[in-house]
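An overview of the molecular structure
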Amino acid sequence: AYVTDYGTGGEPGNTITVVDLEALAVVGKISLAPHTRPHGIEVASDGTLWVTTEGTAHVLQVDPASAEILQAVETGQSVTHMVAVAEEAGRVVTANIGSGTATIVDPATRSVVAHLETGAGAEGLTIHPDGRRAYVTNRSAGTLVEIDLEEAVVSRSMDVGEFPIRVKVRPGGDELLVSNANGNEVVAVDPEEWTVLRRLPVGAAPIGILITPDNKTAYVANTQDDKVTVIDLVNWAVAGEIIPGEEPDGMAWVG
């Protein structure tokens, strides 16, 4: 596993920690200097890492084997936070909280394709399995938007609730799950009909969402309740909870 070391207010981080999941031990560090405050991270199919750096407003491609930065594309946006790789479209996308934008990067040309205005507080980000669409939650605006990656435009927008902070697409692509941090709920959205299908109350300040590969269970990290809610997606009901420690947020599936 790869962990971005963001740092603290007075001491910006600039490394990625490499964790051996079988040994449950730190086995290395990757320096991103001169880039600082790494946050979003995603592993591409070729094994390279894509990382956002809030301190220096870049998206980086990193080879974890050689610990080398392969490319660094400057977004020039405020708080470049999350990153997603749309390999079929040949694009990398970031969500920029401070600018209220999404940046589309072409990794082949190592350049910015477009900065798209999505809404105030653009944060959550996911790619549809068809590889042609990205979705961004805009927490301050209370909206979810769809991005057409081929045309590099915002194609649709909808109000989804109070402080939507993360979005994930279910396997198969027929439903999106949005966590409304101030609404203490998870919202299911139909990406084709572009309508809210249902809502489910969970814990306080839900943020991170994780969906199992079998598409039957979702886990939602409730940061203020210090718990992870388990959702039965087949019956759309809360099935239990996990107490992982203080302020759970991001999660990843190890299969």
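As a reminder, the structure under discussion sits directly above these lines.
Below, the structure is looked at part by part. Nothing here was measured: the structure is a model prediction, and the numbers come from that model. (Residues numbered from 1 in each chain as written. Predicted model: local features only at pLDDT ≥ 70, side-chain atom pairs only at ≥ 80, totals over all residues. Heavy atoms only, no water.)

Each helix and strand counted, the protein has zero helices and 23 strands in total. Compactness check: the protein gives a C-alpha radius of gyration of 17 Å against a globular reference of 18 Å for 255 residues, within 12% of the reference. Dimensions of the protein, computed from the C-alpha atoms along their principal axes, are close to 45 × 45 × 35 Å. Out of the 255 residues in the protein, the part that is buried amounts to 52%. Restricting the contact set of the protein to residue pairs at least 6 apart, pairs at least 24 apart contribute 35%. Carbon and sulfur atoms make up 47% of the accessible area of the protein, which totals about 11,100 Å². One finds the centroid of the 15 positive side-chain charges in the protein at a distance of 3 Å from the centroid of its 36 negative side-chain charges. (Helix = DSSP H or I, 4+ residues; strand = E, 2+ residues; numbered from the N terminus. Rg over C-alpha atoms; globule rule 2.2 N^0.38 Å. Buried < 20%, exposed > 50% of the residue type's maximum accessible area, 1.4 Å probe, protein only. Contact = heavy atoms within 4.5 Å. Areas by Shrake-Rupley, 256 points an atom, 1.4 Å probe, with all protein chains shown as cover. Lys, Arg positive; Asp, Glu negative; His and termini not counted. Charge placed at Lys NZ, Arg CZ, Asp CG, Glu CD.)

Attention now moves to the layout of surface pockets. The volume enclosed by the largest pocket comes to roughly 1,600 Å³. In this structure, the largest pocket is lined by 37 residues; those nearest its centre are Ile41, Lys168, Met251, Ala252 and Trp253. When contributions to the lining of the largest pocket are tallied by element, the ones reaching two or more residues are strand E1 (2-7), strand E4 (38-43), strand E8 (80-86), strand E12 (122-127), strand E16 (164-169) and strand E20 (206-211). If one sorts the elements of the lining of the largest pocket by residue count, E4 sits on top with six residues. (1 Å grid on protein atoms, 1.4 Å probe; cavity = no way out; pocket = protein on both sides within 12 Å on 5 of 7 lines; lining within 4 Å. Points joined across faces, edges and corners; volume = space filled by probe spheres on them.)

Relative to strand E7 (residues 68-74), strand E6 (residues 58-63) runs antiparallel, the two sharing six bridges. Looking at E7, one finds that Val62 is bridged to Ile69. The turn linking E6 back onto E7 is made up of four residues, and Ala67 within it adopts a positive phi angle of 60°. (Pairing = 2+ DSSP bridges.)

Following the sequence through the fold, Val153 ends up in strand E15 (residues 153-159). Residue classification places Val153 among the partly exposed positions, given a relative accessible area of 37%. As a C-alpha pair, Val153 and Glu117 span 36 residues in sequence and 9.1 Å in three-dimensional space.

What follows is about the packing of aromatic side chains. Within this structure, the stated rule accounts for one aromatic pair. Here the guanidinium or amino end of Arg198 rests over the ring plane of Trp236, the centre of that ring lying 4.7 Å away. (Phe/Tyr/Trp six-rings, centres within 6.5 Å; stacked < 30°, edge-to-face > 60°. Lys NZ or Arg CZ within 6 Å of the ring centre and 35° of its normal.)

Ordered in space as E1-E2-E3, the three strands form an open sheet in which the pairing is antiparallel. In this open sheet, the two strands that pair with only one neighbour each are E1 and strand E3 (25-31). Mean inter-strand twist for the sheet, computed between neighbouring axes without regard to direction, equals 30°. Of the strand pairs in this sheet, strand E2 (residues 12-20) and E3 are connected by six bridges, and their pairing is antiparallel. (Axes fitted to C-alpha atoms, helices over the stretch in contact; angles between N-to-C directions.)

Core analysis: the largest hydrophobic core is formed by 18 residues, its most contacted members being Val93, Ile104, Leu125, Ile127, Val136, Ile147 and Leu149. Elements supplying a minimum of two residues to this core: E8, strand E9 (91-96), strand E10 (101-106), strand E11 (111-117), E12, strand E13 (133-138) and strand E14 (143-148). Apart from residues no more than four positions distant in its own chain, Ile147 is found in contact with Ala102, Ile104, Leu116, Thr118, Arg132, Arg133, Ala134, Val136, Val153, Val154 and Ser155. Of all hydrophobic cores here, the second largest spans 12 residues; its members include Ala188, Leu200, Ala218 and Ile231. (Core = buried A, V, L, I, M, F, W, Y, C linked by side-chain atoms within 4.5 Å.)

Bringing the environment of Val59 into the picture now. Counting through the fold element by element, Val59 comes out in strand E6. The buried category is assigned to Val59, whose relative accessible area is 0%. In contact with Val59, other than residues within four places in its own chain, are Trp50, Val51, Thr52, Gln71, Ala72, Val73, Thr75, Val83, Val92, Thr94 and Val105.

Moving on: the side chain of His35. Here His35 lies in the loop between E3 and E4. A distance of 3.2 Å separates a polar atom in the side chain of His35 from a polar atom in the side chain of Thr56. Filtering out sequence-adjacent residues up to four positions away, His35 remains in contact with Gly13, Asn14, Thr53, Thr56, His58, Leu60, Ile69 and Ala72. (Polar contact = N/O pair within 3.5 Å; in protein donor to acceptor, adjacent residues only side chain to side chain.)

This brings us to the pattern of salt bridges. If the charged atoms of two oppositely charged side chains come close together, the side chains can form a pair. Under the defined criterion, the tally for this structure stands at 14 salt bridges. Of the charged contacts in the structure, one is a salt bridge between Arg139 and Glu123, with a shortest N-O distance of 2.6 Å. Within this pair, whereas Arg139 is found in the loop between E13 and E14, its partner Glu123 is found in strand E12, the two being separated by 16 residues in sequence. For Arg139, a relative accessible area of 24% puts it in the partly exposed group. For Glu123, a relative accessible area of 4% puts it in the buried group. Between Glu123 and Arg166 there is a salt bridge; the shortest N-O distance is 2.7 Å. Taken together, the positions of Glu123 in strand E12 and Arg166 in strand E16 put the pair 43 residues apart, joining distant regions of the chain. Accessibility assignment for this pair places Glu123 and Arg166 in one class, buried. (Salt bridge = Lys/Arg side-chain N within 4 Å of Asp/Glu carboxyl O.)

By themselves, these observations are geometric and do not establish any function.
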